[in-house]
Amino acid sequence: MIPTQIEAPKWTAEQLERLVLECNPKAAVFDCDGTLWSGDSGSGFMTWSMEQGLVARSASDWLATRYKGYLAGQVSEIEICGEMVQVYAGLRDEQMRAAAATYVEKFVRQCVFAEMAALVTKLRQAGVELWAVSSTNKWVVAEGVRQFGIPEERVLAAEVRVSDGIIGSEIVDVPTDEAKAEALRRVGLVRPDAVFGNSVHDLAMLEIARHAFPINPSPALLQAAATHGWGYFRPQAAEGVKAAVAGE
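Reference entry: report on the structure contained in this document.

About the thresholds
- Residues numbered from 1 in each chain as written.
- Predicted model: local features only at pLDDT ≥ 70, side-chain atom pairs only at ≥ 80, totals over all residues.
- Heavy atoms only, no water.
- Helix = DSSP H or I, 4+ residues; strand = E, 2+ residues; numbered from the N terminus.
- Buried < 20%, exposed > 50% of the residue type's maximum accessible area, 1.4 Å probe, protein only.
- Pairing = 2+ DSSP bridges.
- Phe/Tyr/Trp six-rings, centres within 6.5 Å; stacked < 30°, edge-to-face > 60°.
- Axes fitted to C-alpha atoms, helices over the stretch in contact; angles between N-to-C directions.
- Parallel < 35°, antiparallel > 145°, perpendicular 65-115°, else oblique.
- Left-handed = near helix turned anticlockwise from the far one by under 90°.
- Contact = heavy atoms within 4.5 Å.
- Nonpolar A, V, L, I, M, F, W, Y, C, P; charged D, E, K, R; others polar.
- Polar contact = N/O pair within 3.5 Å; in protein donor to acceptor, adjacent residues only side chain to side chain.

Topologically, Asp164 is positioned in the loop between strand E4 (155–163) and strand E5 (166–173). Residue class for Asp164 comes out exposed when judged on its relative accessible area of 77%. Taking the C-alpha atoms as reference points, Asp164 and Arg92, separated by 72 residues in sequence, lie 8.9 Å from one another.

This part covers the pairing of strand E3 (residues 129–137). Burial within E3 is extensive, with eight of its nine residues counted as buried. Where strand E2 (residues 27–30) lies against E3, four bridges are found, and the strand directions are parallel. Looking across to E3, one finds that Ala27 is bridged to Glu129.

A few words now on the pairing of strand E6 (residues 194–197). Every second residue of E6 is oriented toward a common face, with Ala194 and Phe196 on one face and Val195 and Gly197 on the other, all of them buried. Strand direction decides the pairing type here: E2 and E6, joined by three bridges, are parallel. When the sheet's bridge partners are listed, Ala28 is paired in E6 with Ala194. Summarising the sheet, E6 and strand E7 (residues 211–214) pair through four bridges and their orientation is parallel. Counterpart to Val195 in the pairing with E7 is Ala212.

One pass over the full model with this rule turns up eleven aromatic pairs. Taking the centre distance of 6.0 Å and the plane angle of 55 degrees together, the rings of Phe45 and Tyr88 count as tilted. Within this pair, whereas Phe45 is found in helix H2 (residues 41–51), its partner Tyr88 is found in the loop between helix H4 (77–86) and helix H5 (93–108), the two being separated by 43 residues in sequence. Take Phe45 and Tyr88: they sit in the same class, and that class is buried.

Attention shifts here to the sheet that holds E7. If you trace the six strands from one edge of the open sheet to the other, you get E5-E4-E3-E2-E6-E7, paired in mixed fashion. Edge positions in the sheet fall to E5 and E7, since each of these pairs with one other strand and no more. Each adjacent strand pair in this sheet contributes to an overall mean axis angle of 30 degrees, direction not counted.

Quick look at unusual backbone geometry now. For Asp177, which is not a glycine, the phi torsion comes out positive at approximately 55 degrees. Topologically, Asp177 is positioned in the loop between E5 and helix H8 (178–186).

All right, on to the packing of H2 against helix H3 (residues 57–71) then. Running from N to C, H2 and H3 cross one another at 155 degrees; their axes reach a closest spacing of 11 Å. Comparing the axis directions of H2 and H3 gives the class roughly antiparallel. H3 is crossed by H2, and the crossing has left-handed handedness. Along its contact with H2, which presents Ser43, Met46 and Met50, the element H3 presents Ser60, Leu63, Ala64 and Tyr67. The residue makeup of the contact of H2 with H3, split by class, is five nonpolar, two polar and no charged.

Okay, H2 next. In terms of residue burial, H2 counts as a mostly covered element, since eight of its eleven residues are buried. Of all the residues in H2, the buried ones are Ser41, Gly42, Ser43, Phe45, Met46, Trp48, Ser49 and Met50. Buried positions along H2 lie against H3, H4, H5, E3 and helix H7 (138–144). Among the residues of H2, the N-terminal cap falls to Asp40, whose side-chain oxygen and the backbone nitrogen of Gly42 are separated by 3.0 Å. The positive-phi residue at the C-terminal boundary of H2 is Gly53, with phi of around 80 degrees.

These values are about where atoms sit, not about what they do.
And the structure:
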């Protein structure tokens, strides 16, 4: 069979849990949007924050145009994810943390995949070191994974430099594609035991894992999973729902 004809085996929630626990991970790494919860909290927060007046109209219009260019393939993933954090330059960090807390409470918590929440709870109870890696801004990601018991110091996400409480425009990190694997290497996770991701933008970090677990995979990641000989898990809430992954 040619690669495009190979089908990745689909796991049940029970099979996923057994496979994960059997590999006895010391560290587990999770993408967030589409993996721990449905939807795209990065673009969602961007739109919501503009509606709330957190960003000047001129900056909002500019970023909206850039995002359209991204969807059309004219702006790269790493560029748009960085710009979606830089647009808040000049605001106070505490202001963004408060906004992120409000957004997550209203729009993210109810979108968490029940099966993933249960799995993360078991891993946490087993003493596994949990990490989150995302190209969404760190304010939203840190708030979103708080309920999973993942501390902010183990969140690798899109962020800019903050000085004296004021947000700047200097990029600190934008973990996407190969940059996700690079971010993990920088914190000493050269070959993490278990990695969970949903899109082709997670492929690089799935490839460095001892055990890769595609969750709710987008079409491109599903094809990659088949090629690599990985299985995958589709949460019940995601069955029949088109994967919301831009840039593929």
